[in-house]
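Residue-level structure breakdown
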Amino acid sequence: MRIIGMLGGMSWESTAEYYRLTNELVRDRLGGVHSARILLDSMDFADMEQLQSAGRWQEAGELLAAKASALESAGAQMLVLCTNTMHVVVDAIEQAVTIPVLHILDATSARVRQEGLSRVGVLGTAFTMEQDFYRDRLAAGGIQAIVPEPQDRATVHRIIYEELVRGVVTEASRARYRAIIDRLVAGGAEGIVLGCTEIELLVSAEDSSVPVFPTTRLHVEAAVEMALT
């Protein structure tokens, strides 16, 4: 079993899901009392949130690249960045290490294509929904990304940062997300990509009339497959 290096803490709520899912999938694959071999660097999200808000992406990339290099030096044989948004600096991370870095959208795009879909709605942080890095990676896989209207984007982002990263999950916010999903479907979305790891704490397949693609779970499935192959 390969040692999985995890860059986490962005936020710890979603990183806990990465840790739980990874161990559950390894247990299911190997049976008995097996669990995953994981090296986890869980940073203080307040530090990263400040860099995000200030648009200091190069500095954020340098920080994560240094952490990735340290994980490789500690014995990690592959890397998982436990966040959608910070894949905006994945190039810096890849350049800092010699081990594979599993991109969250490669696993997601593969599942979308497997379902025969080509247009998906994307829910995530404002950075993920509005910057090019996410839609360009999907487009490279032949998938068109549709994002909510500005007011809906603001709602999605606010709920992530004011509630989900703090472990707050409410029915009122679930209802707001459901309404936004409905509007994306009405606008032509054939599926919904949960493009923020925390959103899976709030929304599931039951909240959508079209297929839902949970990026955290898909990312973990790809990581476990690589770790056990």
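Figured I'd write up the structure that's included with this text. Please read these numbers as outputs of a predicted model, since none were measured by experiment. (Residues numbered from 1 in each chain as written. Predicted model: local features only at pLDDT ≥ 70, side-chain atom pairs only at ≥ 80, totals over all residues. Heavy atoms only, no water.)

Our focus in this paragraph is the environment of Q131. In this structure, Q131 sits in the loop between α6 (126–130) and α7 (132–140). A residue is classified by how much of its surface remains accessible, and Q131, at 26% relative accessible area, is partly exposed. As for Q131 and V88, which are separated by 43 residues in sequence, their C-alpha atoms are 8.5 Å apart. Discounting chain neighbours no more than four positions away, the residues touching Q131 are W57, V88 and A126. (Helix = DSSP H or I, 4+ residues; strand = E, 2+ residues; numbered from the N terminus. Buried < 20%, exposed > 50% of the residue type's maximum accessible area, 1.4 Å probe, protein only. Contact = heavy atoms within 4.5 Å.)

Two side chains of opposite charge can pair, provided their charged atoms sit close to one another. Scanning the model with the defined rule gives 15 salt bridges in all. The structure contains a network of salt bridges with shared partners spanning E17, R20 and E24. (Salt bridge = Lys/Arg side-chain N within 4 Å of Asp/Glu carboxyl O.)

Time to look at the packing of helix α2 (residues 45–54) against helix α3 (residues 57–74). Two packed helices can be described by the angle between their axes and the distance between those axes. One can describe the packing of α2 onto α3 by two numbers: an axis separation of 8 Å at closest approach and a directional angle of 150°. Of the possible angle classes, the one that applies to α2 and α3 is roughly antiparallel. On α3, the residues touching M48, L51 and Q52 of α2 are W57, E59, A60, L63 and L64. Each residue belonging to the contact of α2 with α3 can be placed in one class, and the counts come to 6 nonpolar, 1 polar and 1 charged. (Axes fitted to C-alpha atoms, helices over the stretch in contact; angles between N-to-C directions. Parallel < 35°, antiparallel > 145°, perpendicular 65-115°, else oblique. Nonpolar A, V, L, I, M, F, W, Y, C, P; charged D, E, K, R; others polar.)

Position of Y177 among the secondary structure elements: in helix α9 (residues 171–186). Given a relative accessible area of 0%, Y177 falls into the buried group. Apart from the residues lying within four places of it in its own chain, the contact partners of Y177 are L123, V156, I159, I160, L164, I199, L202 and V203. Separated by 2.9 Å, the side chain of Y177 and the backbone oxygen of V156 make a polar contact. (Polar contact = N/O pair within 3.5 Å; in protein donor to acceptor, adjacent residues only side chain to side chain.)

What follows covers the sheet that holds strand β5 (residues 119–123). Spatial ordering of the open sheet is given by β6-β5-β7-β8, a layout of 4 strands whose pairing is parallel. Both edges of this open sheet fall to β6 (144–146) and β8 (212–214), since each of them pairs with a single strand only. On average, adjacent strands in this sheet sit at an angle of 30° to one another, irrespective of strand direction. In this structure, β5 lies alongside β6, joined through 3 bridges in parallel fashion. Bridging from a neighbouring strand, G121 pairs with I146 of β6. Sheet strands in contact with α9 are β5, β6 and β7 (191–194), and its direction is about 155° off that of β5. (Pairing = 2+ DSSP bridges.)

Another aspect to go through is the sheet that holds strand β2 (residues 38–42). In spatial order, the strands read β2-β1-β3-β4; together these 4 strands make up an open sheet with parallel pairing. Two strands bound the open sheet, and with one partner strand each, they are β2 and β4 (101–102). Judged from the 5 bridges that link them, strand β1 (residues 4–8) and β2 form a sheet pairing that is parallel. Across the sheet, the residue bridging to L7 is D41, located in β2. In the packing of α3 onto the sheet, the strands contacted are β1, β2 and β3 (78–81), and the crossing angle to β1 comes to about 155°.

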